[in-house]
Amino acid sequence: MKAYRAAILRFDPAREAARSAIYEDDGLLVVGPDADGTQRVQAVGPYQDLRQRFAQVPVEHLPGRIIAPGFVDMHNHFPQTNVIGSPADGLLPWLEHYTFPEESRFSDPAYCAESAAFFIAELLRNGVTTALTFASSHPASVSALFDEALRRRLRLITGLCLMDRHAPPGVLNAASTDGRLDATQQSLIDSEILIQQWHGRDRLGYAITPRFAPSCSDAQLRGAGELAARYPDVWIQSHVAENRDEIEWARKLFPASASYLATYGDFGLLRRRAVYGHCIHFDDADRALMRDSGAAAAVCPSSNLFLGSGYFDFAAADRVGMAYGLASDVGGGTSFSPFHTMLAAYYVGRSGQGKPALSLSAQHLWWQHTAGAAQALGLAGMVGNLTPGCEADFVVLNPQATPLLARRTACANSLDELLFALIVLGDDRLVEKTVISQALLTIPAN
Ligand code: GUN
Ligand code: ZN
């Protein structure tokens, strides 16, 4: 066992999300291995209350630092690191001019391995310890990312990007080399092989990953839905209702479905552990469909602002009871930093589409990127929090990391003021260390 003494932030699952933060100025976090060797939180609370009980446990004292749960990034793209900051007139031109050409480079396994190492190091440097990630349409990209996540012990869920139409050949799924199976059949076989190889191994999970309905034939979506039924614990990830041109295209391609979102339901792709990126241009029927099916939204505010896609409606999601959490959507998103994502979510709430402006509280934003995102992924109580039993993934934040952070946080008068200052002024410099559960692997962040 090992203990850490510092200020500690965690969330009370029994309380309303927007008021669920618990903050100990002088706290103790005690971690130790379970029977399976996983390092979990054994106890957490005020230092004075716990120090006698754990008097034998070595303590690492981190004065002036804040320990907080590792961040959960619910949607990002490993092959898009080099696309960050590519301006375009909206989603579809962005995909065509920047994203598809870059993703076609992932046919090269050496490029996959080099990019995977960078991508995972960047997540950890920014304090992300759990991620749901798109790979490219090449099986080697999935294996490279899983290999690297296993090596660095990140809790990672990813899958082969399914796309058998409406993109250049280099970025579409490939037919079998002997020509006996077409790209659709081969992509579904590859997905199943990858599920069997990787799902549930160590901290890894597989996600069936149709890119979005316009890039998949009916046969591919049907096959993906059949896989999802056969492997109910495997995740599903895709995109929906991000951009008006995309929606119009999807409606033309699948006119029989009641809505763009309903198309996924018609192919068996709406269920628990299904996570849809964006979910902006929804009506309440869509939100209710998400809620009733157990699917969750990955809200990608920096991407939505950058690509001019629109504004996620937090109030409507809460009113209907649709699950959601925050995501970077790198490389449509502009940063790996959860602090930038939380700030962008705040801007989205404030700007929201002519509706009354919403002021998301700092603790609500933080929850959406930790415990709330974990809950939306079906991992509540496992990651995204520091309550006893959670895997011991956490960040050590240094509120003195920059002169401005030091000055502003020193005069914060409440927890919300402190958390807001960190959100507004924070970036990778704030993350002094990221500690990963399994081997208590400490990654110096900078
Ligand atoms: N829709 C389909 N593919 C993508 C993608 O790569 N990024 C985003 N933001 N939306 C998509
Ligand atoms: Zn995306």
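Refer to the structure above for everything that follows.
Here is what the cut-offs are and how they apply
- Residues numbered from 1 in each chain as written.
- Chains lettered and ligands numbered in written order.
- Predicted model: local features only at pLDDT ≥ 70, side-chain atom pairs only at ≥ 80, totals over all residues.
- Heavy atoms only, no water.
- Donors = N, O, S within 2.8 Å, 3.2 Å for Na, K, Ca; no water.
- Tetrahedral: all angles 85-135°; square planar, octahedral: opposite > 155°, others 65-115°.
- Buried < 20%, exposed > 50% of the residue type's maximum accessible area, 1.4 Å probe, protein only.
- Near = heavy atom within 4 Å.
- Polar contact = N/O pair within 3.5 Å; in protein donor to acceptor, adjacent residues only side chain to side chain.
- Areas by Shrake-Rupley, 256 points an atom, 1.4 Å probe, with all protein chains shown as cover.
- Helix = DSSP H or I, 4+ residues; strand = E, 2+ residues; numbered from the N terminus.
- Nonpolar A, V, L, I, M, F, W, Y, C, P; charged D, E, K, R; others polar.
- Core = buried A, V, L, I, M, F, W, Y, C linked by side-chain atoms within 4.5 Å.
- Contact = heavy atoms within 4.5 Å.
- Phe/Tyr/Trp six-rings, centres within 6.5 Å; stacked < 30°, edge-to-face > 60°.
- Lys NZ or Arg CZ within 6 Å of the ring centre and 35° of its normal.
- Salt bridge = Lys/Arg side-chain N within 4 Å of Asp/Glu carboxyl O.
- Pairing = 2+ DSSP bridges.
- Axes fitted to C-alpha atoms, helices over the stretch in contact; angles between N-to-C directions.
- Parallel < 35°, antiparallel > 145°, perpendicular 65-115°, else oblique.
- Left-handed = near helix turned anticlockwise from the far one by under 90°.
- Right-handed = clockwise from strand over helix to strand, strands pointing away.

A. Focus on the coordination of the zinc ion (ligand 2). Taken together, H75 (NE2), H77 (NE2), H239 (NE2) and D329 (OD) make up the protein donors of the zinc ion (ligand 2), found 2.0 to 2.4 Å from the metal. One can describe the site at the zinc ion (ligand 2) as irregular: its four donor atoms subtend angles covering 92 to 166 degrees at the metal. Take H239: its relative accessible area is 6%, and that puts it in the buried class.

B. Quick peek at the site of ligand 1. Near ligand 1 you find H77, Q80, L91, W94, L95, R211, F212, H239, E242, H278 and D329, and these make up its full shell. Separating an oxygen atom of ligand 1 from a side-chain N or O atom of Q80 is a distance of 2.8 Å. With respect to ligand 1, the side chain of E242 contributes an N or O atom lying 2.7 Å from a nitrogen atom. Look at ligand 1: alone it shows 280 Å² of surface, and the protein chains cover 100% of it. The leading source of residues in the shell around ligand 1 is helix α2 (residues 91-104), at three residues. In terms of residue class, the shell around ligand 1 is made up of four nonpolar, four polar and three charged.

C. Seen up close, the nonpolar core. By size, the foremost hydrophobic cluster in this structure holds 107 residues, and its most contacted members are Y276, M290 and W366. Element by element, the count of residues in this core is highest for helix α3 (residues 109-125), at seven residues. Excluding its chain neighbours within four sequence positions, the residues that come into contact with W366 are L9, F11, A68, F71, F339, M342, L397, L419, L422 and I423. Counting 17 residues, the second largest nonpolar core, distinct from the first, contains I157, A298, A376 and V383.

D. Highlighting the packing of aromatic side chains. Tallied over the full model, the rule gives 17 aromatic pairs. Pairing F254 with F267 gives two aromatic rings, centres 6.0 Å apart and planes at 80 degrees, and the pair type is edge-to-face. Taken together, the residues F254 in the loop between α7 (244-253) and α8 (260-266) and F267 in the loop between α8 and β11 (274-278) connect sequence positions 13 residues apart. You can call F254 buried: its relative accessible area is 6%. On the basis of relative accessible area, F267 is assigned to the buried category, the value being 14%. Three or more aromatic residues joined by ring pairs form one cluster here, namely F78, F106, Y111, F119 and F336. The lysine or arginine in question, R5, covers the ring of Y47, its NZ or CZ lying 3.6 Å from the ring centre. Lying over the aromatic face of W235, R273 brings its terminal NZ or CZ to 3.9 Å of the ring centre.

E. Fine view of the environment of E242. Within the secondary structure, E242 sits in the loop between β10 (235-240) and α7. A C-alpha to C-alpha distance of 15 Å links E242 and F314, two positions 72 residues apart in sequence. E242 has contacts with L91, H278, I280, H281, S303, L307 and S309, leaving out every residue within four places of it along the chain.

F. Quick look at the pattern of salt bridges. On inspection of all chains with the given rule, the structure shows 26 salt bridges. The partner of E60 in a salt bridge is K433, with the nearest N and O atoms 2.9 Å apart. Of the two residues, E60 is situated in strand β4 (residues 59-69) and K433 in strand β15 (residues 431-436); the sequence distance between them amounts to 373 residues. The exposure class assigned to E60 is partly exposed, which follows from its relative accessible area of 23%. The salt bridge involving R291 is made with D292; its shortest N-O contact spans 2.8 Å. According to the relative accessible area criterion, R291 is partly exposed, its value standing at 37%. By relative accessible area, D292 is classed as exposed at 58%. Within this structure, R155, R203, E391 and D393 form a network of salt bridges that share partners.

G. Local environment of the pairing of β15. A large share of β15 lies buried, amounting to five of its six residues. As judged from the four bridges shared by strand β14 (residues 394-397) and β15, these two strands associate in the antiparallel manner. Bridge assignment links V396 to a residue of β15, and that residue is K433.

H. Up close: the packing of helix α4 (residues 139-152) against helix α5 (residues 183-198). Contact geometry for α4 and α5: axes closest at 11 Å, N-to-C directions at 15 degrees. Taken together, the axis directions place α4 and α5 in an arrangement best described as roughly parallel. As α4 runs across α5, the sense of the crossing is right-handed. Of the residues in α5, those touching α4 at P139, V142, S143, F146, D147 and L150 are D190, L194 and W198. Counted by class, the contact of α4 with α5 contains six nonpolar, one polar and two charged residues.

I. Quick peek at helix α16 (residues 415-425). Those residues of α16 that fall on the buried side of the exposure criterion are L418, L419, A421, L422 and I423. Where α16 is buried, its residues contact β1 (2-11), β2 (21-33), β4, α12 (338-351), α13 (362-368) and α15 (403-410).

J. How the structure looks around the pairing of strand β12 (residues 296-299). Of the two faces of β12, both are covered, the one formed by A296 and A298 as well as the one formed by A297 and V299. As a crossover connection, the stretch from β11 through helix α9 (residues 284-293) into β12 is right-handed. Relative to strand β13 (residues 323-326), β12 runs parallel, the two sharing four bridges. The partner of A298 across the bridge, within β13, is G325.

K. Here's a closer look at the environment of A207. Note that A207 resides in strand β9 (residues 204-210). Residues A207 and V275 lie 68 residues apart in sequence; the distance between their C-alpha atoms is 9.3 Å. Not counting chain neighbours up to four residues away, the residues in contact with A207 comprise L132, I157, T158, G159, L160, V234, W235 and Q237.

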